[in-house]
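Chain residues, written in single-letter form:
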Amino acid sequence: MTEAILLVGGKGTRLRPLTVRTPKPMVPAAGVPFLTHQLARARAAGVEHIVLATSYLAEVFEPYFGDGSALGLRLEYVTEQEPLGTGGAIRNVASRLHSGPDDPVLVFNGDILTGLDIRALVRTHRTTGADVSLHLTKVTDPRAYGLVPTDGTGRVTAFLEKPQTPEEIVTDQINAGAYVFRRSVIDAIPAGRPVSVERETFPQLLTTGAHLQGMVDSTYWLDLGTPAAFVRGSADLVLGRAPSPAVPGRCGDRLVLPTASVATDAKLTGGTVVGEGAFVGEGARISGSTLLSGAVVEPGAVITDSLIGACSRIGERSILTGAVIGDGAVVGADNELRDGVRVWCDARIPAGAVRFSSDQ
């Protein structure tokens, strides 16, 4: 296998305000755009040519990655003029593939952090003679996902929408967002209109007797669709819990990029990332969080499990837990922001304006 399609066209609505100015795959995780980790893992698995299916803020990708040669890849970019869904996006880039009709093409989503053994998925596809092979993972609570039951040989028997009752939970296996397609199956997807592989392509293939093979790989897997998940994924990359050859430094409790400045008595733990040009003041305590480029954390601030946007500022003694601060925002001194709060880009919160406890 030498080719892949990477679906990076989503708007990242659940991640806003992080994605107001930056497409989701380009938001930094462990010091580099998340997409870098996916490209590096694909290259390590033997992929040489990748077509990026772009849409939202499509103009951002090519100036950063260019032709892919810095990563040992050949990259091409195809932009959807109108959203086409997962299947439509795959079909829309088919003309850029060089594979023959029976050759395997890897397809993966741009928002999944996983330790998937890509080579093993391709071997499964080849040895079973499947038309499509799917990476499946097991979850403890599958109610939020579509279920993918398989028979004793791993062959997919159905695609079930999100279960509503306990009786409907017939398996703990879910679609993990990585596939190997026989090239001819891609060419058979209807062109020029929205198509969902999950709701249309895969069920139709089953009804026509096509061979869909599931491979369960329950190594690290995380959907980075929410701010909390994205922050956790970045921390897990730094801590070494999630594998990636693209982390720019050694795994450990912290990752401080070269042009960042951190006071000697500041405490950084839990996979915290301090981005290029960022500053952390005296006595600050930061755990499991990401500071993007140019962010400033003033002395005495305490930040936990939060993402601090580019060029934003957190005032002295402010306490943030589970917060997302948009690019260029300013949180004044002595504020207290709790789980789930999202401060929009360029917003200004005055000193002592928001608290969940007494200021005395």
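Per an unreviewed UniProt entry, the chain carries the name Sugar phosphate nucleotidyltransferase and comes from Streptomyces caeni. Among the UniProt annotations of the chain, the heading Sequence similarities (unreviewed entry) holds the following wording: "Belongs to the transferase hexapeptide repeat family."

Enquirer: Explain empty space enclosed by the protein to me, please; I cannot follow it from the model alone.
Expert: Over the atoms rolls a probe the size of a water molecule, and in doing so it shows where empty space is left. Evaluation of the coordinates by the stated rule reveals 1 cavity of 30 Å³ or more. Estimated volume of the largest cavity: approximately 190 Å³. Looking at the largest cavity, it is lined by 17 residues, and the ones nearest its centre are Gln38, Arg41, Phe108, Ile112 and Thr114. For the lining of the largest cavity, the elements supplying multiple residues, two or more each, are α1 (34–44), β6 (104–109), β7 (112–114) and β9 (173–182).

Enquirer: What is the right way to look at the packing of aromatic side chains in this model?
Expert: For any pair of aromatic rings, the description rests on two quantities: the centre-to-centre distance and the angle between the ring planes. All told, the structure shown has 7 aromatic pairs when counted by the stated rule. Pairing Phe34 with Phe230 gives two aromatic rings, centres 6.5 Å apart and planes at 65°, and the pair type is edge-to-face. With Phe34 in helix α1 and Phe230 in helix α7 (residues 227–239), this pair connects stretches of sequence that are 196 residues apart. The class of Phe230 is buried, set by a relative accessible area of 1%. With 6.1 Å between their ring centres and 85° between their planes, Tyr179 and Phe181 make a pair best called edge-to-face. Residue classification places Tyr179 among the buried residues on the basis of a relative accessible area of 1%. Accessibility expressed as a relative area gives 0% for Phe181, which makes it buried. Ring pairing ties together the aromatic residues Phe159, Tyr179, Phe181 and Phe202, which thus form one cluster.

How each quantity is defined
- The residue count restarts for each chain, going from 1 along the sequence in the order it is written.
- Two thresholds apply to this predicted model, a pLDDT of at least 70 for residue-level local features and 80 or more for giving and counting side-chain atom pairs, whereas whole-chain, interface and lining totals are computed over all residues.
- Only hydrogens and water are set aside when side-chain values are computed; all heavy atoms of the structure are taken into account.
- UniProt positions are given in the numbering used here, feature names are shortened, and annotations may be inferred rather than shown by experiment.
- Cavity means a closed set of points on a 1 Å grid over the protein atoms alone, one where a 1.4 Å probe fits but cannot get out, pocket means an open set with protein on both sides within 12 Å along at least 5 of 7 lines, and lining means a residue has an atom within 4 Å of a point.
- Grid points are joined across faces, edges and corners, and a volume is the space filled by probe spheres set on the points.
- Numbering of helices and strands starts at the N terminus; helices are DSSP runs of H or I of at least 4 residues and strands are runs of E of at least 2.
- Each Phe, Tyr or Trp ring, with Trp reduced to its six-membered ring, pairs with another whose centre is within 6.5 Å; inter-plane angles below 30 degrees give stacked pairs, above 60 give edge-to-face pairs, and intermediate values give tilted ones.
- Throughout this description, buried means an accessible area under 20% of the type-specific maximum (1.4 Å probe, protein chains only), exposed means over 50%, and partly exposed covers the range between.

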